[in-house]
Amino acid sequence: MGWDWPARAGAKRSVEDMRITGASHWAAAVAATALAMTGARAADMPAKTYKAPAYASAPAPFSWTGFYAGANVGGAFTGNDSVTNLAGGNGGKLSGVIGGMQAGYNYQVSPLFVVGIENDLDFTGLSRQGDLVNPAVSVPWLTTGRARAGFTMLDQRLFLYGTVGLAAGELKDGPVHKVKMGWTAGGGAEWAFLPKWSAKLEYLYTDLKHDALPDWRAAKIHSVRVGLNYHFDLFR
């Protein structure tokens, strides 16, 4: 009987070891099952993708460069002694509405400086009624070809400019119709209120020179016009 106790103790330890080993195997199996279930659920979930934040590109800088065309309307007048009629008397002061069309090209040399050219053709109501002694005097149309140059302000959308160039016009004095040449100069302001549209206010002084015939003095015409222009490639 003295040798039975160690054997029983060893058998007891073996049973306990088997229980511990079995419990460890059971815990490992439970952990593996839980891990597999978690992986399966993760596989069923949609994959999350990282999206880089969207950055809006900077707007293109404003530019006046490009072709444009438009229309204008305003008023014009001469001095009291700008013309001498066919009879040799004072033709008097002429005044009337003026309006027509213009087209041109601008080039923006730098953010603050713009140069360009412009041609216009205007029909005018510049006239004076005749009487028993003096025939009627009128200026049916005027045209100019001018250079423009100036500076931009307010995010480059306001263009302040001076202008100078050649001018021509038809002068009618009773039965005499003459086309006279001269020069013109002035200035204005143009505002780009939409991407392809601008409005302008402009003053011009036009001097149609005296020639050898006695029927006209130099016709000095003042005009103030508002205009609307469409720009074909104002933004680049």
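Above this text you will find the structure in question.
Here's what I pulled together on the structure shown here. Being a predicted model, the structure only gives us computed values, none of them experimental.

Okay, the side chain of E118 next. Inspection of the secondary structure puts E118 in strand 3 (residues 113-128). There is a polar contact of 2.6 Å between the side chain of E118 and the side chain of Y68. At 2.6 Å, the side chain of E118 and the side chain of R146 are in polar contact. For E118, the residues in contact, after removing those within four places along its chain, are Y68, Q102, A103, G104, T144, G145, R146, R148, K200 and E202.

Here we take up the sheet that holds strand 8 (residues 219-231). Judged by pairing direction, the barrel is antiparallel, and its eight strands sit side by side in the order 1-2-3-4-5-6-7-8 before closing back on the first. Each adjacent strand pair in this sheet contributes to an overall mean axis angle of 20°, direction not counted. Sheet topology note: the strand 7 (residues 197-208)/strand 8 ladder contains twelve bridges and is antiparallel. If you follow Y205 over to strand 8, its bridge partner there is H222.

Turning next to the packing of aromatic side chains. Tallied over the entire structure, the rule returns seven aromatic pairs. Taken together, a centroid distance of 5.6 Å and an interplanar angle of 45° make the contact between W64 and F159 tilted. Highlighted residues: W64 in the loop between helix 1 (4-44) and strand 1 (66-78) and F159 in strand 5 (residues 158-173), separated in sequence by 95 residues. For the residue pair W64 and F159, the accessibility class agrees, reading buried in each case. When the ring of F113 is compared with that of F151, the centres are 5.6 Å apart and the planes differ by 55°; the resulting orientation is tilted.

Right, let's get into the pairing of strand 7. Remark: a regular strand shows side chains that alternate across the two faces of the sheet. Sheet analysis places strand 6 (residues 176-194) next to strand 7, joined by twelve bridges and oriented antiparallel. Paired with A192 across the strands is S198, a residue of strand 7.

Counting residues in each nonpolar core, the largest one holds twelve residues, listed as A76, L94, I98, L126, V137, V139, L142, A167, L171, L208, A219 and I221. At the level of elements, strand 4 (137-153), strand 5 and strand 8 are the ones that each hand at least two residues to this core. Counting residues per element, this core draws most heavily on strand 4, at three residues. Aside from chain neighbours lying at most four places away, what touches L142 is I98, D120, L121, D122, T124, A168, G169, L208 and I221. By size, the runner-up hydrophobic cluster in this structure holds six residues, among which are W64, V114, Y161 and A192.

To continue, consider the pairing of strand 2 (residues 95-110). As defined by bridge partners, strand 1 adjoins strand 2 across twelve bridges and the pair is classed as antiparallel. Bridging across to strand 2, G66 finds its partner in N106. By the bridge criterion, 13 bridges tie strand 2 to strand 3 in an arrangement that is antiparallel. Across the sheet, residue G100 finds its bridge partner in strand 3, namely D122. Here strand 2 folds back onto strand 3, and the loop between the two strands holds two residues.

Before going further, it helps to spend a moment on empty space enclosed by the protein. To find the voids left in a structure, one rolls a probe of water-molecule size over its atoms. For the coordinates displayed, the defined rule picks out one cavity of 30 Å³ or more. Within this model, the largest cavity holds a volume of roughly 80 Å³. Lining of the largest cavity is provided by I98, D120, D122, L142, T143, T144, L204, T206, I221, H222, S223 and R225. When contributions to the lining of the largest cavity are tallied by element, the ones reaching two or more residues are strand 3, strand 4, strand 7 and strand 8. Here the lining of the largest cavity gets four residues from one element, more than from any other, and that element is strand 8.

Nonpolar side chains collect at one region of the surface, where M153, L154, L160, W191, F193, L194, W197 and L228 lie side by side and expose about 740 Å² of accessible area between them. Among the elements that make up the nonpolar patch, the one with the highest residue count is strand 6 (three residues). Secondary-structure assignment places W197 in strand 7.

Scoring rules and cut-offs
- Along each chain, numbering runs from 1 in the same order as the chain's sequence is written.
- Local features in this predicted model are restricted to residues whose pLDDT is 70 or higher, and side-chain atom pairs enter the listing and the counts only when it is 80 or higher, whereas totals over whole chains, interfaces and linings include all residues.
- The side-chain quantities take in all heavy atoms of the structure and omit both hydrogens and water.
- Numbering goes from the N terminus for both helices and strands, where a helix is a DSSP run of H or I of at least four residues and a strand is a run of E of at least two.
- Throughout this description, a polar contact denotes any pair of N or O atoms lying within 3.5 Å of each other; where both atoms belong to protein, one of them has to be capable of donating a hydrogen while the other can accept it, and for residues adjacent in sequence the pair is counted only when both atoms sit in side chains.
- Here, residues are in contact when the closest pair of their heavy atoms is within 4.5 Å.
- Each pair of strands is called paired provided DSSP finds at least two bridges between the two strands.
- For every element, the axis is a line fit to its C-alpha atoms; helices are fit only across the contacting stretch, and the angle between N-to-C directions ranges from 0 to 180 degrees.
- Centres within 6.5 Å are what make two rings of Phe, Tyr or Trp a pair, Trp counting through its six-membered ring; a difference in plane orientation under 30 degrees is then read as stacked, over 60 as edge-to-face, and the rest as tilted.
- Remark: exposure states derive from per-residue accessible area (1.4 Å probe, protein chains only) relative to the maximum for the residue type, with buried under 20%, exposed over 50%, and partly exposed in between.
- For our purposes a nonpolar core is just a set of buried Ala, Val, Leu, Ile, Met, Phe, Trp, Tyr and Cys residues, chained together by side-chain atoms within 4.5 Å.
- Cavities and pockets are found on a 1 Å grid laid over the protein atoms alone: a cavity is a set of points where a 1.4 Å probe fits but cannot escape, a pocket is an open set with protein on both sides within 12 Å along at least five of seven lines, and a lining residue has an atom within 4 Å of such a point.
- Grid points are joined across faces, edges and corners, and a volume is the space filled by probe spheres set on the points.
- Exposure above 30% relative accessible area and no salt bridge define the residues that can form patches, which grow by joining like charges within 9 Å and nonpolar side chains of Val, Leu, Ile, Met, Phe, Trp and Tyr within 5 Å.
- Note on areas: Shrake-Rupley with a 1.4 Å probe; residue coverage comes only from the protein chains shown.
- Whenever Lys or Arg places a side-chain nitrogen within 4 Å of a carboxyl oxygen from Asp or Glu, that contact is recorded as a salt bridge.

Function cannot be read off these values alone, since they describe shape.
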